[in-house]
Amino acid sequence: MAKLSYERPVIQKLNTGSMNKFGTRTEYAPVSHIEGVAVKEIIAEYGSPVFVISEPQIRKNYQNAVRAFKTRYPKVQFAWSYKTNYLNAVCKVFHQEGAWAEVVSIFEYKKALGNGVPGNKIIFNGPDKSEEDLTIAIENKSLIHIDHFDELYMLIEVVQKLKQKASVAIRVNMDTGVYPMWDRFGFNYENGQAWNAINKIMSHPELELNGLHCHIGTYMLTASAYATAAWKLCDLAVNVKAKWNKPIQYLDLGGGFASANTLKGSYLQGPDIIPSMEDYAEAISSTILNFGFKQNELPTLFLETGRALIDDAGYLLGSVIATKRLSDGRRATIMDFGVNLLFTAFWYNHKISPAQEFSHHTEDMVVYGPLCMNIDCIRESVNLPLLSKGDQVVVHKVGAYNMTQWMQFIQMRPNVVMIDGQNKVHLIRHKESLDTMLQYEHLPQHLEKFEL
Ligand SMILES: *Cc1c(COP(=O)(O)O)cnc(C)c1O
């Protein structure tokens, strides 16, 4: 019989303050399989840590979102927000489902073109577009969403030089009753800046004002903020029609719908408080439908929702490196993944499940990553069974922003796999190695030799 492991007992003050109203044991159950594939097998084949993406879950999320909007509004087009997750395999699933591309840099723009998205189905957002970027976008007939006056003036110069028309929209920021207000992107509605930008655009026949855009924030917990945003865009559109007799072709309400993650400091769990896709769809579509557009001038509704479509399709699998007691008696569990891979751990309390059966004894613990850096904390306090070195865990709802904001800091980025509808596992991004890093470095000759 194997020797049982001994752990030195500690006396600890019980802290009831960290419970929510459902008690402390609501967080976990063992998760041994993802889309029918054993966690153990995935780790054995692709290493630990490893990101896993469920293709069927992406498709399901997308189809649900489209259904929620299309049953309420006749003309709807989604565009996949590249920065949320721009792994090509992920983007292609969205494009196969019918999503256009929404990009915020020329790097993302070229990725979308490379994925086969036609230029006129790429929405080019963001504050940083150079003259060269704008030229490429105009030549590909993309939808250019202007962020600030400097971009507008540069764009006017570019279209005059090229003698080509550009399809443009302006990004509008506004007070939707949610604070802090996102006013650093686009032109402000309340102070007349947006109307001013529209007048400048309309005075240049080379610029075709086809749309109005907003992206009011992210992880928005009230659907009514979107009703306010839609109302303000409709108001601008109706004024454009009144002054120039030009119907606006589309209103782009951006993204920002909440995913089912739980924000740090939230008393209730994310899934219990976030609005449903139907709530967002209802707020937006009824505002536009009730506004008074003529039936044949009803604008197309564009949506660029990111995190709500991908977060729950992504998992991070990892293993316990060690456990220890902190000086105050608290238990600490050290994982082989940290904030280098889980950027979103800075604002979400990600759910962590053991990947194997566990004892009934649980304890509040800190979950750390492997970085030699104090900020590397995945969960400050979570009630979990006592995990031991080598045990495996599943971190949930990590599909958004982690595979784009991950850092190459101390550790390399791991493999990313996708499980398809037939439970087949595909490698979609190879893990990095020392060679990956060295290929970008150059050593001046005089530094080659040394003696110690
Ligand atoms: C980031 C971004 C999105 C997607 O935001 P989510 O919060 O992930 O839905 C959409 N539009 C623009 C302009 C963005 O910058």
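Before any of the text, the structure's been laid out above.
Everything numeric in this text was worked out from a predicted model, so none of it was measured.

K.L.:
What is the right way to look at the side chain of Thr333 in this model?
P.N.:
Within the secondary structure layout, Thr333 lies in strand S14 (residues 331-335). Relative accessible area serves as the criterion here: at 0%, Thr333 is assigned to the buried category. Apart from residues lying up to four places away in sequence, Thr333 is in contact with Val320, Ala322, Thr323, Met365, Val366, Val367, Tyr368 and Leu387.

K.L.:
I keep staring at the packing of aromatic side chains and nothing clicks. Help me out?
P.N.:
Counting across every chain of the model gives 23 aromatic pairs. For the pair Tyr226 and Phe257, a centre-to-centre distance of 4.9 Å together with 70° between the ring planes defines the contact as edge-to-face. Note that Tyr226 is positioned in helix H8 (residues 224-244) and Phe257 in the loop between strand S11 (250-252) and helix H9 (270-273), a separation of 31 residues in sequence. When sorted by exposure, Tyr226 lands in the same class as Phe257, which is buried. Relative to Phe293, the ring of Phe291 has its centre 6.1 Å away and its plane inclined at 35°; by these criteria the two rings are tilted. Overall, Phe293 belongs to the buried group, its relative accessible area being 17%. Each residue in the set Tyr62, Phe69, Phe78, Trp80, Phe94, Tyr226, Phe257 and Tyr280 is aromatic and connected to the rest through ring pairs, giving one cluster. Over the face of the ring belonging to Phe124 we find Lys129, whose NZ or CZ atom lies 5.6 Å from the ring centre.

K.L.:
Got a minute to help me understand the pairing of strand S4 (residues 76-81) in this structure?
P.N.:
A regular strand places its side chains on the two faces of the sheet in alternate fashion. Within S4, 6 of the 6 residues are buried, leaving the element largely enclosed by the surrounding structure. By the bridge criterion, 3 bridges tie S4 to strand S12 (residues 300-303) in an arrangement that is parallel. When the bridges of S12 are listed, Val76 appears paired with Leu301. Taken together, the 3 bridges between S4 and strand S5 (residues 100-103) define a ladder with parallel strand orientation. When the sheet's bridge partners are listed, Ser81 is paired in S5 with Glu102. Chirality of the crossover, the property in question, places the unit of S4, helix H3 (residues 88-97) and S5 among those that are right-handed.

K.L.:
Help me out: how do you make sense of the site of the ligand in this one?
P.N.:
Taken together, the neighbourhood of the ligand is formed by 16 residues, with Lys83, Thr218, Gly256, Glu304 and Tyr401 sitting nearest. Separating an oxygen atom of the ligand from a backbone N or O atom of Gly256 is a distance of 2.7 Å. Here the ligand, which alone exposes 390 Å², has 94% of that area covered by the protein.

Calculation criteria
Residues numbered from 1 in each chain as written. Predicted model: local features only at pLDDT ≥ 70, side-chain atom pairs only at ≥ 80, totals over all residues. Heavy atoms only, no water. Helix = DSSP H or I, 4+ residues; strand = E, 2+ residues; numbered from the N terminus. Buried < 20%, exposed > 50% of the residue type's maximum accessible area, 1.4 Å probe, protein only. Contact = heavy atoms within 4.5 Å. Phe/Tyr/Trp six-rings, centres within 6.5 Å; stacked < 30°, edge-to-face > 60°. Lys NZ or Arg CZ within 6 Å of the ring centre and 35° of its normal. Pairing = 2+ DSSP bridges. Right-handed = clockwise from strand over helix to strand, strands pointing away. Near = heavy atom within 4 Å. Polar contact = N/O pair within 3.5 Å; in protein donor to acceptor, adjacent residues only side chain to side chain. Areas by Shrake-Rupley, 256 points an atom, 1.4 Å probe, with all protein chains shown as cover.

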